[in-house]
Amino acid sequence: MESTEPEPSGSRPEEEEEEEEEEEEEEEEEDDGALSPPEQPLAAMEDCLAKKMEITVSEAEKRTGRNAMNIQETYTAYLIETRAVESQSEGQCAPVESLWRRYSEFELLRNYLSVTYPHIVVPPLPEKRLSADNMDPDFVERRRIGLENFLLRVASHPVLCQDKIFYAFLMQEGGWKEMVNETGFQLKADSRLKALNATFRVKNPDKRFTELKHYSDELQSVISHLLRVRARVADRLYGVYKVHGNYGRVFSEWSAIEKEMGDGLQSAGHHMDVYAASIDDILEEEEHYADQLKEYLFYAEALRAVCRKHELMQYDLEMAAQDLTSKKQQCEELATGTVRTFSLKGMTSKLFGQETPEQREAKIKVLEEQIQEGEEQLKSKNLEGRDFVKSAWADIERFKEQKNHDLKEALISYAVMQISMCKKGIQVWTNAKECFSKM
Amino acid sequence: AASAPKPLPSSGPKSLREMPHPLATSSSEEMGPTLTPSPDLLLPRSIADKDLSLPNGTPVDTSSPASSSSLLNRLQLDDDLDVETRDLFVTVDDPKKHVCTMETYITYRVTTKTTRAEFDLPEYSVRRRYQDFDWLRNKLEESQPTHLIPPLPEKFVVKGVVDRFSEEFVETRRKALDKFLKRITDHPVLSFNDHFNVFLTAKDLNAYKKQGMALLTKMGESVKYVTGGYKLRSRPLEFAAIGDYLDTFSLKLGTIDRIAQRIIKEQLEYLVELREYGPVYSTWGGLEVELSEPLEGVSACIGNCCTALEELSEDMTEDFLPVLREYILYAESMKNVLKKRDQVQAEYEAKLEAVALKREDRPKVPADVEKCQDRVECFNADLKADMERWQNNKRQDFRQLLMGMADKNIQYYEKCLTAWESIIPLLQDKPETK
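Since the model is a prediction, treat every value here as computed from it, not as a measurement.

Rules and cut-offs
Within each chain, residues carry numbers counting from 1 in the order of the written sequence. Following the order in which they are written, the chains are lettered starting with A and the ligands numbered starting with 1. Per-residue local features of the predicted model are confined to residues with pLDDT of at least 70, and side-chain atom pairs are confined, for both listing and counting, to 80 or more; whole-chain, interface and lining totals are unaffected and use all residues. Heavy atoms from the whole structure form the basis of all side-chain values; hydrogens and water molecules are not counted. Every helix listed is a DSSP run of H or I at least four residues long, and every strand listed is a run of E at least two residues long, numbered separately from the N terminus. Only protein chains enter the calculation, and the probe is 1.4 Å; a residue is then buried if its accessible area is under 20% of its type maximum, exposed if over 50%, and partly exposed in between. Whether two residues touch is decided by their heavy atoms; if any such pair falls within 4.5 Å, the residues are in contact. Computed by Shrake-Rupley with a 1.4 Å probe, the accessible areas treat only the displayed protein chains as cover when residues are assessed. A helix is expected to span 1.5 Å multiplied by its residue count minus one. To obtain each axis, a line is fitted to C-alpha atoms, and for helices this fit is confined to the stretch in contact; angles are then taken between N-to-C directions over 0 to 180 degrees. Working rule for angles: under 35 degrees goes down as roughly parallel, over 145 as roughly antiparallel, 65 to 115 as roughly perpendicular, anything else as oblique. Each residue gets one of three labels, nonpolar for Ala, Val, Leu, Ile, Met, Phe, Trp, Tyr, Cys and Pro, charged for Asp, Glu, Lys and Arg, and polar for the others, Gly among them. In plain words, nonpolar cores are sets of buried Ala, Val, Leu, Ile, Met, Phe, Trp, Tyr and Cys residues tied together by side-chain atoms within 4.5 Å. Throughout, the edges of the domains are those of an automatic or database domain assignment. We count a salt bridge whenever a side-chain nitrogen from Lys or Arg sits within 4 Å of a carboxyl oxygen from Asp or Glu. Contacts described as polar in this section are N or O atom pairs within 3.5 Å, which, within protein, must combine one atom able to donate a hydrogen with one able to accept it, while residues neighboring in sequence count only if both atoms come from side chains.

All right, on to the overall build of chain A then. Along its length, chain A carries 11 helices and three strands. Going from N to C terminus, chain A has its helices and strands arranged as α-β-β-β-α-α-α-α-α-α-α-α-α-α. The burial tally for chain A puts 44% of its 439 residues in the buried class. Considering only residue pairs separated by 6 or more positions, chain A has 76% of its internal contacts joining residues 24 or more positions apart. Split by element, the accessible area of chain A, about 23400 Å² in all, is 50% carbon and sulfur.

This is how it looks when you write it as structure tokens:
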């Protein structure tokens, strides 16, 4: 009998997919009800929802309501506004449609997308902070921006933007939750335990995914560290600037007892006040940079999820192959009467007497059926696995491009911020110097 | 007490005519002249405008306060005097460490260039240590009690906290000692002091120090103002104003000193964080392919900013803070001079009162009371002249100091600006192949 080994998944060459290419890839219809996403062609960039529709999360509002356990709670609702982008020639503005969603609904949407498109690096949501700060206006504002960013990311994704649940999230206020639940996506979700198991026991994962997982761990660690230190740096810088404000007061007091020096001191003191005050805007701008980094911190998690999915599928495959092999072996033993390997059954049958030929025939028949089923399953799992690797890697390449582009932009804007800060500093001190020169 | 300190008069020391009588009413605005100067003296409109040296260029011995003529014989140097009209230049440089069995210490080279007749040679070069400067200052205070003597940098340093032999400390001290001597050089009276002369010229200063009192005779009457415990009823308004001014001035400088120290502290803490921040970008660069160069660039940039910040903090510590402290010390010693002046005036007033009570037939004022009066007048004149000069120098010193502080901050930001601007092209660079 031919041995069916799980196909090693590392042998496929990388396929690079440009976002601009219109790859009408038909994904095989898998009907085992397990992991297949809805059959969809990839949208070209021009067809992405983001291009056809303006999406904003424009407002945030405090609400009170009763939750599932009939307990009153306060939460924030966010207003999602959409408007179809009309072609230039028409010159008319389409009406704005809007609805309110709360954070938990965003979470539900994302969970749905993660489970339904496990091969896609699904854009992350902004932080889920459970502290009392949830009502803090700054936090709410940053979250609003983060949620808008999330929607835009999804709407710009060639695969995700075509999802009907996503579209309904944007357009259909009532009954959306029921609609999501009806897809039964929760059933498709992999258990955490299963995933963990797979990580440790998989034998032949695709090396690229192993490396990618390692990369995403490192990325998460380094961005985390960076954000922590940046926050400390910002705190210290704040201190430096603010202490200069004290010069303003003391120069003013000193100028009162001086005759010729007075004016120069006084006006220089004013510039010191300006200097001290300038740090507030500077640091606020920097928060935007921190948020850009944070998004990729969370993206690392999404990346890791795809890797884990691969491990899980590969493990599943390996287990199925192993199971098939053992069944074939059993069959062979029964057929030939030889015991190749030790088995309890074999021992017990030796002890308690042989089976009747009819019993043996029946057993062989059952096994043969199972083997056939198993072989078909293995074939489809192999195919699934290969397809997964292919489409996942395509999205990963897309993601890498996006990441490199976005982070470069973030670094540039950070450098521009620093340049602006330096120029302001030069300006203020030059003004102060002039005041001193008039002393 | 004057609540709003009056601004100090900007026109030189008053002529004898304009000086108020010490016993005039407390709101002593400038009354009419109550003192009659000696008839053989010219009375210039303002002493400040006249060069009053004797024809042969030798200034009259000005340290004796006894004669009122000494008041007029003062060389008044304009602060904006050109270098060419100066005739005395002193520099402190070249610190050297000396290791002896008993101790280790630093000496500084004191170089003098002069055309003054008081000096035998046109040039001198001697080595002096801090002790010697300290000795000089004490001698000046003793011999010129009516004048404001510039301060020395702090004498004592806490061992273990400050390294007395570190380059930074020695350089800071050198600058302060140089400033000290230059201020004396610029002073029309102090620069002619004999002790100062010896300090600049003597090969063996220690031998001279031992002579001590012997030299005082050359300077005429002992100028010790031992005024056993006379208490002044009220300080004349203008000196009270000076006193108030110095009080507030010291306070404000103290505050500025604290603020500057705090800023340096905050900057150093900021630096600590920056030093950790930069390398994280580098670590990240190691993970990436396309982003590797940009991230390394940012890391290097932050490193450059760290260096610039370090330089700024060092400059502030070495150049800014010491000058502030110097002026605080100056103000303290000036207040002491004010107190001495009060004592002199108190003595005069007491003696005058004693005479008034006796009501003798002869209305003539006894000689020793007259001497006291002279002392008061001289003291007041010297002090006011010095205050004027001090105010002007103070203004220039602070102008320079604060402009310097602004400059250093500008340079810091310019260095950072250059660093960040230079990496923009690196960040925007598109790789050739994908």
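Before going further, it helps to examine helix α3 (residues 137–156) of chain A. Between its terminal C-alpha atoms α3(A) stretches 29 Å, which fits the 28 Å expected from 20 residues at 1.5 Å a residue. Buried within α3(A) are the following residues: A:F139, A:V140, A:R143, A:R144, A:G146, A:L147, A:F150, A:L151, A:R153, A:V154 and A:A155.

All names here are of chain A. At a closest axis distance of 8 Å, the pairing of helix α9 (residues 262–336) and helix α11 (residues 357–437) adopts a crossing angle of 170°. Relative to α11, the element α9 is oriented roughly antiparallel. Class assignment for the residues of the contact of α9 with α11 results in 39 nonpolar, 14 polar and 15 charged.

Moving on, we come to the nonpolar core. Grouped together as the largest cluster of nonpolar side chains are 129 residues, with contacts concentrated most on A:Y247 and B:F320. Of all the secondary structure elements, the ones that give two or more residues to this core are α8 (207–255), α9 and α11 of chain A together with α6 (237–287), α7 (292–358) and α8 (367–428) of chain B. Among residues more than four places away in sequence, those in contact with B:F320 are A:Y247, B:I256, B:A260, B:D315, B:L401, B:L402 and B:M405. Residues A:V57, A:L99, A:A168 and A:F169 belong to the second largest nonpolar core, which totals 36 residues.

So, on to the domain arrangement of chain B. Residue and element names in this part refer to chain B. Under the domain assignment used here, chain B contains domain 1 (86–210) and domain 2 (233–427). One C-alpha centre belongs to domain 1, the other to domain 2; they are set 22 Å apart. Contacts between domain 1 and domain 2 engage 20 residues on the former and 19 residues on the latter. At the surface where domain 1 touches domain 2, the tally comes to four salt bridges. Note that K179 is salt-bridged to D397, the shortest N-O span being 2.7 Å. Here domain 1 is connected to domain 2 by 12 residue pairs in polar contact (both at pLDDT 80 or more). Split by residue class, the side of domain 1 that touches domain 2 holds eight nonpolar, four polar and eight charged.

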